[in-house]
Amino acid sequence: AINATADIDVITSQSKVPSLPIPAPAKPGEPVVPHTDLADKSKNILIVTTASLPWMTGTAVNPMLRAAYMTIGRAKAGGSVTLMLPWLERESDQERVYGKNKFDSEQQQEEWLR
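Keep in mind that what you see is a predicted model, and the values were worked out from it rather than measured.

Draft legend 1. A look at the pairing of strand S1 (residues 44-48). What you see with S1 is a clean split: Ile45 and Ile47 sit on the buried side and Asn44, Leu46 and Val48 on the side with no burial. With respect to chirality, the unit in which S1 leads through helix H1 (residues 58-70) into the neighbouring parallel strand S2 (residues 80-84) is right-handed.

Here it is, written out as structure tokens:
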């Protein structure tokens with residue numbers, strides 16, 4: 001018999017794994033850590049989503065609205081926002097997900113979205 005778990009590292013409470021901070025809301029007057037400050041317009045932001053318009057779901061709409069909002073004043077400050085969208089290669093997949101809105105290329109989908 002082959003032991004399928006032989007090469008798997010098991011992490012237990014006894015393991016020496018560094019603890020991660022527990023997320024918590026900022027307290028009044030508490031400084032924001034500079035590398036996590038999304039309000040800094042000079043930052044380059046990448047938003048990755050698993051859904052895109054014309055798929056009319058929250059998973060498709062929310063990232064697009066967030067990206068649009070985050071672009072305000074960002075280019076002037078040297079930052080950018082990139083929205084990374086899924087591409088469905090097969091026409092049958094596009095039809096199932098997007099209905100009648102089908103695209104011949106990623107560029108055509110991008111033009112439709114813009």
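Still to come is the rest of the account.
Draft legend 2. Expanded view of the pairing of S2. Of the strand pairs in this sheet, S1 and S2 are connected by five bridges, and their pairing is parallel. Looking at S2, one finds that Leu46 is bridged to Thr82.

Draft legend 3. A look at the side chain of Arg74. If you trace the backbone, Arg74 turns up in the loop between H1 and S2. Buried charge without a partner: Arg74 forms no salt bridge, and the closest opposite charge is Asp40, 6.1 Å away. A distance of 3.0 Å separates the side chain of Arg74 from the backbone oxygen of Asp40, its partner in a polar contact. Among all residues touching Arg74, those that are not within four sequence positions of it are Leu38, Asp40, Lys41, Lys43, Ile45, Gly79, Ser80 and Val81.

Draft legend 4. Quick look at the layout of surface pockets. The computed volume of the largest pocket comes to approximately 480 Å³. As for the largest pocket, its lining consists of 15 residues, and the residues nearest its centre are Leu83, Leu85, Glu110, Leu113 and Arg114. Within the residue set of the lining of the largest pocket, elements represented by two or more residues are H1, S2 and helix H3 (106-113). Here the lining of the largest pocket gets five residues from one element, more than from any other, and that element is H3.

Draft legend 5. Molecular detail of the pattern of salt bridges. Counted according to the given criterion, the structure contains five salt bridges. Taking the shortest distance from any N to any O, the salt bridge between Asp40 and Lys43 comes out at 3.5 Å. The class of Lys43 is partly exposed, set by a relative accessible area of 21%. Residue Asp93 is joined to Arg96 by a salt bridge in which the shortest nitrogen-to-oxygen separation is 3.0 Å. With a gap of three residues between them, Asp93 and Arg96 both fall in helix H2 (residues 91-98), about one helical turn apart. Several salt bridges share partner residues, and in doing so they unite Arg90, Asp93 and Arg96 into one network.

Draft legend 6. Region of interest: the side chain of Gln94. Along the chain, Gln94 turns up in helix H2. Among the residues examined, Gln94 registers a relative accessible area of 2% and is labelled buried. A polar contact is formed between the side chain of Gln94 and the backbone nitrogen of Phe103, at a distance of 2.6 Å. Sequence-distant contacts of Gln94, that is, excluding residues within four places in its chain, are made with Trp87, Leu88, Glu89, Gly99, Lys102 and Phe103.

Analysis parameters
- Residues numbered from 1 in each chain as written.
- Predicted model: local features only at pLDDT ≥ 70, side-chain atom pairs only at ≥ 80, totals over all residues.
- Heavy atoms only, no water.
- Buried < 20%, exposed > 50% of the residue type's maximum accessible area, 1.4 Å probe, protein only.
- Helix = DSSP H or I, 4+ residues; strand = E, 2+ residues; numbered from the N terminus.
- Right-handed = clockwise from strand over helix to strand, strands pointing away.
- Pairing = 2+ DSSP bridges.
- Lys, Arg positive; Asp, Glu negative; His and termini not counted.
- Salt bridge = Lys/Arg side-chain N within 4 Å of Asp/Glu carboxyl O.
- Polar contact = N/O pair within 3.5 Å; in protein donor to acceptor, adjacent residues only side chain to side chain.
- Contact = heavy atoms within 4.5 Å.
- 1 Å grid on protein atoms, 1.4 Å probe; cavity = no way out; pocket = protein on both sides within 12 Å on 5 of 7 lines; lining within 4 Å.
- Points joined across faces, edges and corners; volume = space filled by probe spheres on them.

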